[in-house]
Amino acid sequence: MSELFWPVLALVLIVEGLLPLLAPGLWRRMFTEMLRLRDGQLRFFGLMSIVGGALLWWLLG
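Just so it is clear, the structure is predicted and the values come from calculations on it, not from any experiment.

Asker: In this structure, what is going on with a nonpolar patch on the surface? I would like to understand it.
Answerer: A grouping of Leu11, Ile14, Val15, Leu18, Leu21 and Leu22 is seen on the molecular surface, where their side chains present a nonpolar patch of about 650 Å² in accessible area. With respect to the secondary-structure elements, leucine 21 resides in helix α1 (residues 2-22). We classify leucine 21 as exposed; its relative accessible area is 63%.

Shown next, in the form of structure tokens:
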């Protein structure tokens with residue numbers, strides 16, 4: 001498990017850094033819109049992200 005953790009974390013950081021690097025204005029607008037969401041909406045998006053990631057992991061594994 002530990003040999004998988006660091007490469008996956010590195011990939012997440014790379015993907016997360018692409019939008020602020022390539023389109024900082026768009027990233028800022030998206031972040032501002034996210035701040036306007038209610039807690040329940042943010043939790044729903046977080047849950048869908050976890051479910052989607054787990055499903056992708058399962059399909060690829």
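After that view of the structure, there is still more to cover.
Asker: How do you make sense of the layout of surface pockets when you look at a structure like this?
Answerer: In this approach, a probe sized like a water molecule rolls over the atoms, and the result shows the empty space that is left. Each pocket or cavity is described by its volume, and for the largest pocket that value is around 250 Å³. Secondary-structure elements contributing two or more residues to the lining of the largest pocket are α1 and α2 (24-35). Considered as a void within the structure, the second largest pocket measures approximately 170 Å³ in volume. Taken together, Gly53, Leu56, Trp57 and Leu60 form the lining of the second largest pocket.

Asker: I tried to follow the packing of α1 against α2 on my own but got confused; where do I start?
Answerer: Helices that pack against each other are described as a pair by the angle of their axes relative to one another and the distance between those axes. In contact at an axis separation of 5 Å, α1 and α2 are set at 115° when each is read in the N-to-C sense. Classified by the angle their axes make, α1 and α2 are roughly perpendicular. In this structure, α1 contributes Leu19, Pro20, Leu21 and Leu22 to the contact, and α2 contributes Pro24, Leu26, Trp27 and Met30. Its residues assigned to classes, the contact of α1 with α2 comprises 8 nonpolar, no polar and no charged.

Asker: So what exactly am I meant to see when it comes to the confidence of the model for the protein here?
Answerer: For residues with low pLDDT, the predicted coordinates do not support detailed interpretation. Confidence along the protein averages 93 in pLDDT terms, with 98% of residues attaining 70 or more. Within the protein, α1 has the poorest average pLDDT of any element, 92, and α2 the best, 95.

Asker: What is the right way to read the packing of aromatic side chains from this model?
Answerer: Describing an aromatic ring pair means giving the distance of the ring centres and the angle of the ring planes. If you walk through the whole model with that rule in mind, you get 3 aromatic pairs. Judged by centre distance (4.8 Å) and plane angle (80°), the ring pair of phenylalanine 5 and tryptophan 6 falls under edge-to-face. Using a relative accessible area of 44% as the deciding quantity, one classes phenylalanine 5 as partly exposed. Look at tryptophan 27 and phenylalanine 31: their rings are 5.4 Å apart centre to centre, the planes differ by 15°, and that puts the pair in the stacked class. Highlighted residues: tryptophan 27 and phenylalanine 31, both in helix α2, separated by 4 residues, approximately one helical turn. Accessibility expressed as a relative area gives 36% for tryptophan 27, which makes it partly exposed.

Here is what the cut-offs are and how they apply
- Residues numbered from 1 in each chain as written.
- Predicted model: local features only at pLDDT ≥ 70, side-chain atom pairs only at ≥ 80, totals over all residues.
- Heavy atoms only, no water.
- Patch = residues over 30% accessible without salt bridge, like charges linked within 9 Å, V, L, I, M, F, W, Y side chains within 5 Å.
- Areas by Shrake-Rupley, 256 points an atom, 1.4 Å probe, with all protein chains shown as cover.
- Salt bridge = Lys/Arg side-chain N within 4 Å of Asp/Glu carboxyl O.
- Helix = DSSP H or I, 4+ residues; strand = E, 2+ residues; numbered from the N terminus.
- Buried < 20%, exposed > 50% of the residue type's maximum accessible area, 1.4 Å probe, protein only.
- 1 Å grid on protein atoms, 1.4 Å probe; cavity = no way out; pocket = protein on both sides within 12 Å on 5 of 7 lines; lining within 4 Å.
- Points joined across faces, edges and corners; volume = space filled by probe spheres on them.
- Axes fitted to C-alpha atoms, helices over the stretch in contact; angles between N-to-C directions.
- Parallel < 35°, antiparallel > 145°, perpendicular 65-115°, else oblique.
- Contact = heavy atoms within 4.5 Å.
- Nonpolar A, V, L, I, M, F, W, Y, C, P; charged D, E, K, R; others polar.
- pLDDT = per-residue confidence, 0-100.
- Phe/Tyr/Trp six-rings, centres within 6.5 Å; stacked < 30°, edge-to-face > 60°.

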